[in-house]
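# Close look at the chain arrangement
Now for the letters of each chain:
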Amino acid sequence: MAPTDPSAAAARATPADVPPHPPAEPLLRDAPLAVLIGPMAAGKSSVGRALAKLLGASFADLDLEIVARAGADIPALFAERGEEGFRALEEETLADLLETHSGVLSLGGGAPLRPASRDRLRAHRVVLLEIDERTASRRLRGGAGRPLLAASSDPLETWRTLRDARIPHYRALSRCQVDGGAGSPAAVARRVAAALSALERTAAPHAAEPETEEHP
Ligand SMILES: Nc1ncnc2c1ncn2[C@@H]1O[C@H](COP(=O)(O)OP(=O)(O)O)[C@@H](O)[C@H]1O
Ligand SMILES: O=C(O)C1=C[C@@H](OP(=O)(O)O)[C@@H](O)[C@H](O)C1
Ligand SMILES: [Mg+2]
């Protein structure tokens, strides 16, 4: 029987199965300058900081903002409120930052998953950082600081499962995709800046008026 459950299909998808298909609607929002998404350890926080420096812009990291607002770190928030409690804070804080932050914004790996957050992100300059599994295994350090991995008997397997389930959403939201695995964070940031410039050249004009025939 043909599969009918899209989440089941997403869970089976591998990155190679899921081509990028960015939102059809034009980029409607000028700020933040860029929103970095991608799997855990792709370098969103490190590259976001380097990109902000390169562009002379301010930097915000959604996880750090959540921690500052809640007065507790990410593992403590998961322990006290459960994943759903953390996701609620994450959605609310993301909505605020999308309205108020003008520089570079890095998200946590699960932040683009809530439907309301996806709706908000569609009008923005969303950049997907991708890494392969070998890079992830070098960077994960057993999942320390990342409760979804730290609780697992096989953090890399859990990383892969989450990455595979989330990649369709990442690719459907991102306006460009950049390899986060090669070179320093500054080098990756330069590739992101180049991808953003290319996007600016090719993107449909913002809310362009349709040409109308003149009637005397
Ligand atoms: N381009 C890079 N080269 C080497 N190490 C990196 C690079 N990007 C990130 N890292 C390291 O990988 C780990 C995860 O990076 P981080 O920026 O926290 O990723 P994310 O925010 O996507 O989870 C950190 O230890 C960071 O120093
Ligand atoms: O992928 C996820 O669900 C999470 C990713 C983390 O951020 P990074 O992607 O920056 O590690 C952090 O938000 C939290 O541990 C949950
Ligand atoms: Mg991060």
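Each chain carries its own residue numbering, running from 1 in the written order of its sequence. For naming, the first written chain is A and the first written ligand is 1, with later ones following in the order written. Where local features are concerned, this predicted model is filtered to residues with pLDDT of at least 70; where side-chain atom pairs are given and counted, the filter is 80 or more; whole-chain, interface and lining totals use all residues.

The condition that has to hold: UniProt positions are given in the numbering used here, feature names are shortened, and annotations may be inferred rather than shown by experiment.
Looking at an unreviewed UniProt entry, one finds the protein named Shikimate kinase and attributed to Brachybacterium equifaecis. In UniProt, the protein has this text filed under Catalytic activity (unreviewed entry): "shikimate + ATP = 3-phosphoshikimate + ADP + H(+)".

## Thoughts on the site of ligand 1
Definition in use: Nearness is defined per residue: the C-beta atom, placed using the backbone, must lie within 6 Å of the molecule or strand. Each helix corresponds to a stretch of at least 4 residues labelled H or I by DSSP, and each strand to a stretch of at least 2 residues labelled E; elements are numbered beginning at the N terminus. The residue classification treats Ala, Val, Leu, Ile, Met, Phe, Trp, Tyr, Cys and Pro as nonpolar and Asp, Glu, Lys and Arg as charged. All others, Gly included, are polar.
Not every one of the 14 residues close to ligand 1 is listed here, only the nearest: G43, K44, S45, S46 and R139. Where the shell around ligand 1 is concerned, the elements lending two or more residues are helix 2 (44–55) and helix 9 (185–202). Across the shell around ligand 1, the residue classes tally to 6 nonpolar, 6 polar and 2 charged.

## What about the packing of helix 2 against helix 9?
So the rule is basically this: The convention used is that axes are lines fitted to C-alpha atoms, helices contributing only their stretch in contact, and that angles between N-to-C directions extend from 0 to 180 degrees. Here a crossing is called left-handed whenever its near helix is offset anticlockwise from the far helix by less than a right angle, and right-handed whenever the offset is clockwise. Note on contacts: residues are paired as contacts if their backbone-placed C-beta atoms lie within 7 Å.
The contact between helix 2 and helix 9 brings their axes to 8 Å, and the two run at 65 degrees. The two elements helix 2 and helix 9 meet at a crossing, and its hand is right-handed. Contact residues: S46, V47, A50, L51, L54 and L55 in helix 2; P185, A186, V188, A189, R190, V192 and A193 in helix 9. Within the contact of helix 2 with helix 9, the residues separate by chemical class into 11 nonpolar, 1 polar and 1 charged.

## Quick look at the UniProt feature "binding site: substrate" (unreviewed entry) in the protein
This is how the line gets drawn: With C-beta atoms placed from the backbone, a residue is labelled by how many other C-beta atoms lie within 10 Å of its own: buried for 20 or more, exposed for 12 or fewer, partly exposed between the two.
Mapped onto this numbering, the UniProt entry annotates "binding site: substrate" (unreviewed entry) at D63, R87, G109 and R166. With respect to the helices, strands and loops of the structure, D63 is situated in helix 3 (residues 62–70). A count of 22 C-beta atoms within 10 Å places D63 in the buried class. Every residue in contact with D63, bar those within four places of it in the chain, is listed here: I74 and G108. Looking at the secondary structure, you find R166 in helix 8 (residues 155–173). Not counting residues up to four positions away in its chain, the partners in contact with R166 are P39 and L113.

## Considering helix 8
Put simply, the rule reads: Helix span, as expected, comes to 1.5 Å for every residue beyond the first. Throughout, bend refers to the angle between the axes fitted to the seven residues that end at a position and the seven residues that start at it.
For helix 8, spanning 19 residues, the distance from its first C-alpha to its last is 26 Å, which sits close to the expected 27 Å at 1.5 Å a residue. When the local axis directions of helix 8 are compared, the greatest deviation, roughly 45 degrees, occurs at R166, which is followed within four positions by the proline P168. Taken as a whole, helix 8 has its buried residues at P155, W159, R163, R166, I167, P168, Y170 and L173.

## As for helix 9
Stated precisely, the cut-off is as follows: Summarising the geometry, the arc corresponds to the directions from the helix axis toward the C-beta atoms.
Here helix 9 spans 26 Å end to end across 18 residues, near enough to the 26 Å set by a 1.5 Å rise per residue. Of all the residues in helix 9, the buried ones are V188, A189 and V192. Axial view of helix 9: buried residues confined to an arc of 100 degrees, hence all on one face. The exposed set on the far side of helix 9, more than 90 degrees from its buried face, consists of A187, A194, S197, A198, R201 and T202. Where the residues of helix 9 are buried, they touch strand 1 (34–37), helix 2, strand 4 (126–130) and strand 5 (176–179).

## Brief notes about the pairing of strand 4
To keep it simple, the criterion reads: Paired strands, as defined in this entry, are two strands with at least two bridges between them according to DSSP.
Burial analysis of strand 4 places 5 of its 5 residues in the buried class, the great majority of the element. Here strand 4 shows two buried faces, one formed by V126, L128 and E130 and the other by V127 and L129. Taken together, the 3 bridges between strand 1 and strand 4 define a ladder with parallel strand orientation. Bridge pairing in strand 4 links I37 to L128. In terms of strand pairing, strand 4 meets strand 5 through 4 bridges, oriented parallel. Across the sheet, L128 pairs through a bridge with Q177, a residue of strand 5.

## As for the nonpolar core
Threshold: Structurally, a nonpolar core is described as a collection of buried Ala, Val, Leu, Ile, Met, Phe, Trp, Tyr and Cys residues joined by way of C-beta atoms within 7 Å.
If you look at the biggest cluster of nonpolar residues, it comprises 37 residues, and the most contacted ones within it are V35 and V127. Of all elements in the fold, only strand 1, helix 2, strand 2 (59–61), helix 3, strand 3 (104–106), strand 4, helix 8 and helix 9 reach the threshold of two or more residues within this core. Apart from the residues lying within four places of it in its own chain, the contact partners of V127 are A34, V35, L36, S174, R175, C176, V178, V192 and A195.

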